[in-house]
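# Coordinate analysis (summary)
Each chain is listed here by its residues.
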Amino acid sequence: MPTSQLFQYTPESMRVSPARAGGFLTSHGQVSTPAFMPVGTQGTVKGTTPAQLLEIGPQVILGNTYHLGLRPGDALVAQLGGLHAFMGWKGPILTDSGGFQVFSLASMRKITEEGVAFRSHHDGSSHFLSPERSMEIQRNLGSDIVMALDECPAGRMERLQLEASMARTTRWLKRCREYPLAEHQGLFAINQGGTHLDLRTHHLEEILEIDAHHPFQGFAVGGLSVGEPKEEMNATLAEFVHLLPEDRPRYLMGVGTPEDLLFGIEQGVDLFDCVLPTREARHGRLLTSRGRINIKNARHRESPEPLDPDCGCYTCRNFSRAYLHHLFRVGELLASTLNSIHNLSYTVGLTRAARLALLENRFPDFARLTRDNWKTEEP
RNA sequence: GCCGAGAUGGCCGAGUGGUUAAUGGCAGCAGACUGUAAAUCUGCCACGCAACGCGUUACGGAGGUUCGAAUCCUUCUCUCGGCA
C-alpha cells in the first residue's frame, strides 16, 4: 500500500486556528497527526528497545541515509530484508536524506552540483551522496517516507548564498522526484529559505511546479532550528506553514522542545522529529508536565517522587527520582534507557494529547493549560 | 634494629629554588544540547572580603639556608619495600 494522502478530521472551515488533526496511511500502518517522530539515526532509537518503543507509541520513527549508507551499508540492510526487519520495528519509518549532515558535517564535505562529497566521520574515507544515491539508499532501506536530498543551510547564512543553495536544492529535488522509488514509498519535498518569508514562498512555488507533474506525499519545512534566533523561527512558522498545501502532511524538521511542538501545532504542523528528547535524556535533562528537571542535581538525591506525577510511562510508574538520580550518578546504562523512555513518552504524549484536544475541539484550552503547567516545576 | 623509597589541596597524582593558590584525572556543584561525529561538551571547585580586584592561610611537624622554598639542609613523626 503506497503512502497516501492526508485525510483531515477537522475541515478547514471548522477550525479556529491553523492547528489540525489528520492522518495518512503507509504500508506499515496509519500515521495519526500531529505526531512526534523519535530519531533512530543508526537503526536504533538510542537507549530503547523496539518493545519499549512500542509501549511509548510513536506513529513513525526515523532512520538516517548518511549513517546507514555508511554502516552497515544499504545493500546489506536490503539483503537482510530492509530496515524494518533489520531493526525489528514493524511500524512506519521515515528516513532522512543526509541533507542535515550537509549542515552538521560541514567541515567534512564539499558540495557540487552533482551532489555532496563526504569524508566519513568514522574513518575519513571518501563517499559521494548525490540525490540519486540518497534515493537509492532510502529505497534499499525500504522506509515508508523518503526525504528528498536537500542542502540544509546554516541559520545565519547570507541571503545571496542562501538563494544559490536553494536553487540547487530545487534542482536536486527534481532529480529525487524522477528517481524510481519502491511502490510503498512516499517522497516528501523539503522547503528551505531560512527565516526569509519571500525565499520560502518562492521555493515553495518551485516545489509546487514539480508537484503539479509528479506529486509529493508530503512537505517539510527544513533549515530551522539551526542557529537562528527563536523569535525569527517562530515568526517564519507563523507566516509560512499555513501556505503549505492543506491536503498533505506538513513536517517541521528537527524540532524540538515541548514549547516548539505546541507552537508548531498551532501553526498547522503535522509531523515533527528531534533528537532532543533522547539526547537530553542521556544527559539527565528530563521533560515533565510541570517543566524541566535535571535529574543529576543534588536536590533529587532523596526524592521518593516520580519524575512526573502526571506521566504514565514505564519510568514514572516504577521508579523514584532518587533512583533515577542514583543511576545517573553512577553512570549506569539503565539511566539512559529509563530517561529516554520518559522523555520520548512525554514528547510523543504531548502531540497525542494535542491531537485529542483538536479532535474534541478544546485545543486552545489544552495549549493554555499545558503552558501554565510548565511554569510550576522550577522557578 | 639496619638499608632504601616516600609524605602535595576531599581522593589519586604532576611539579624539584622564582610567570605556583600550585598541571592532570576522579569526586563534588551547576549549565548547554532542536532532520545525532553527542552515554557529549562547558563553567566553577582553599578561606575571607566594600570580589573581573585585594587579603589570609597552604604542599606531614619543627627549625634553618636564600632577596625568594612544595622544591635545598637539619631534625622529628608517620607510611611502604627489603634485610635481620
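Residues numbered from 1 in each chain as written. Chains lettered and ligands numbered in written order. Predicted model: local features only at pLDDT ≥ 70, side-chain atom pairs only at ≥ 80, totals over all residues. Heavy atoms only, no water.

## Topic: empty space enclosed by the protein
Per the stated rule, a full pass over the model turns up one cavity of 30 Å³ or more. For the largest cavity, the calculated volume is near 30 Å³. As for the largest cavity, its lining consists of Gly256, Thr257, Pro258, Leu276, Pro277, Glu280, Leu287 and Arg292. Take the lining of the largest cavity: its biggest share by element is three residues, from helix α11 (residues 276–282). Looking at the lining of the largest cavity residue by residue, the classes come out as four nonpolar, two polar and two charged. (1 Å grid on protein atoms, 1.4 Å probe; cavity = no way out; pocket = protein on both sides within 12 Å on 5 of 7 lines; lining within 4 Å. Points joined across faces, edges and corners; volume = space filled by probe spheres on them. Helix = DSSP H or I, 4+ residues; strand = E, 2+ residues; numbered from the N terminus. Nonpolar A, V, L, I, M, F, W, Y, C, P; charged D, E, K, R; others polar.)

## Overview of the protein's contact with RNA strand B
Close contacts around RNA strand B come from 43 residues, with Ser104, Cys152, Gly254, Val275 and Arg329 the closest. Of everything in RNA strand B that lies within 4 Å of the protein, sugar and phosphate atoms constitute 48%. For RNA strand B, a base oxygen lies 3.0 Å from a polar atom in the side chain of lysine 296. Alanine 298 places a main-chain nitrogen or oxygen 3.4 Å from a phosphate oxygen of RNA strand B. Of all the secondary structure elements, the ones that give two or more residues to the surface near RNA strand B are β5 (61–64), α5 (99–104), β14 (271–274) and α11. It is α11 that provides the largest number of residues to the surface near RNA strand B, a total of five residues. Its residues placed into classes, the surface near RNA strand B shows 14 nonpolar, 17 polar and 12 charged. (Near = heavy atom within 4 Å. Polar contact = N/O pair within 3.5 Å; in protein donor to acceptor, adjacent residues only side chain to side chain.)

## Quick look at the layout of surface pockets
By volume, the largest pocket is sized at about 930 Å³. The residue makeup of the lining of the largest pocket, split by class, is 14 nonpolar, 16 polar and eight charged. Quantified by volume, the second largest pocket comes out at close to 400 Å³. Along the walls of the second largest pocket sit 22 residues, with Cys311, Gly312, Ser345, Tyr346 and Gly349 positioned nearest its centre. Within the residue set of the lining of the second largest pocket, elements represented by two or more residues are α1 (50–56), α12 (314–318), α14 (333–359) and α15 (363–374).

## Remarks on the nonpolar core
Buried together is how nonpolar side chains tend to be arranged in soluble globular proteins. If you look at the biggest cluster of nonpolar residues, it comprises 81 residues, and the most contacted ones within it are Leu187, Phe216, Leu237, Leu252, Phe272 and Phe363. Broken down by element, this core gets its largest block of residues, 10 residues, from α14. If we ignore the near neighbours within four places in the chain, the residues touching phenylalanine 216 are Leu173, Arg177, Leu187, Phe188, Ala189, Ile207, Ile210, Asp211 and Arg248. Within the second largest apolar cluster, 16 residues are counted, among which are Leu62, Met147, Phe188 and Leu271. (Core = buried A, V, L, I, M, F, W, Y, C linked by side-chain atoms within 4.5 Å. Buried < 20%, exposed > 50% of the residue type's maximum accessible area, 1.4 Å probe, protein only. Contact = heavy atoms within 4.5 Å.)

## A word on the sheet that holds strand β7 (residues 109–111)
In space, the three strands of this open sheet follow the order β7-β8-β9, with antiparallel pairing throughout. The sheet is open, and its two borders are formed by β7 and β9 (126–129), each paired with just one other strand. Between one strand axis and the next, the sheet turns by 15 degrees as a mean value, whatever way the strands run. Here four bridges tie strand β8 (residues 116–119) to β9, and the two strands are oriented antiparallel to one another. Residue pairing in the sheet places alanine 117 in a bridge with phenylalanine 128 of β9. (Pairing = 2+ DSSP bridges. Axes fitted to C-alpha atoms, helices over the stretch in contact; angles between N-to-C directions.)

## So, α15
Taking 1.5 Å per residue as the helical rise, α15 with its 12 residues ought to reach 16 Å, and the 17 Å between its terminal C-alpha atoms agrees with that figure. All of the buried residues along α15 are Phe363, Phe366, Ala367, Thr370 and Trp374. Buried residues of α15, seen end-on, are gathered within an arc of 100 degrees and therefore sit on one face of the element. Residues of α15 that are buried sit in contact with α10 (258–266), β15 (285–288), β16 (291–294) and α14. (Expected span 1.5 Å × (residues − 1). Arc of directions from axis to C-beta.)

## Some details on the packing of helix α13 (residues 321–329) against α14
Orientation of α13 relative to α14, taken along the N-to-C sense of each, is 135 degrees, at an axis distance of 7 Å. Judged on the interaxial angle alone, α14 and α13 are oblique. Between α13 and α14 the crossing geometry is left-handed. Contacts from Tyr323, Leu324, Leu327 and Phe328 of α13 reach α14 at Leu334, Ala335, Leu338 and Asn339. Looking at the contact of α13 with α14, its residues break down into seven nonpolar, one polar and no charged. (Parallel < 35°, antiparallel > 145°, perpendicular 65-115°, else oblique. Left-handed = near helix turned anticlockwise from the far one by under 90°.)

## Concerning helix α8 (residues 197–213)
The terminal C-alpha atoms of α8 lie 25 Å apart, and with 17 residues this matches the ideal 24 Å at 1.5 Å per residue to within 8%. What α8 keeps buried is the set Leu199, Arg200, His203, Leu204, Ile207, Ile210 and Asp211. One side of α8 carries all its buried residues, which in axial view fall inside an arc of 130 degrees. Residues Glu209, Ala212 and His213 are exposed on α8 and point more than 90 degrees away from its buried face. The secondary structure elements touched by the buried residues of α8 are α7 (159–178), β11 (186–191), β12 (218–221) and α9 (230–240).

## Thoughts on the side chain of arginine 177
Here arginine 177 lies in helix α7. The side chain of arginine 177 sits in the buried core without any salt bridge; aspartate 211 is the nearest counter-charge, 6.4 Å away. When neighbours within four sequence positions are excluded, arginine 177 is seen to be in contact with Leu187, Ile210, His214, Pro215, Phe216 and Gln217. (Lys, Arg positive; Asp, Glu negative; His and termini not counted. Salt bridge = Lys/Arg side-chain N within 4 Å of Asp/Glu carboxyl O.)

## A closer look at the pattern of salt bridges
In the structure shown here, the tally under the stated rule is 22 salt bridges. Notably, a salt bridge pairs glutamate 114 with arginine 175, separated by 3.4 Å at the nearest N-O pair. In this pair, glutamate 114 sits in the loop between β7 and β8 while arginine 175 sits in helix α7, placing the two residues 61 residues apart along the sequence. The shortest N-O distance in the salt bridge between glutamate 360 and arginine 362 comes to 2.7 Å. Taking the relative accessible area as the measure of exposure, arginine 362 reaches 33% and is therefore partly exposed. Put simply, Arg20, Glu246, Arg250 and Asp270 are held in one network by salt bridges that share partners.

By themselves, these are just geometric observations and shouldn't be taken as functional.
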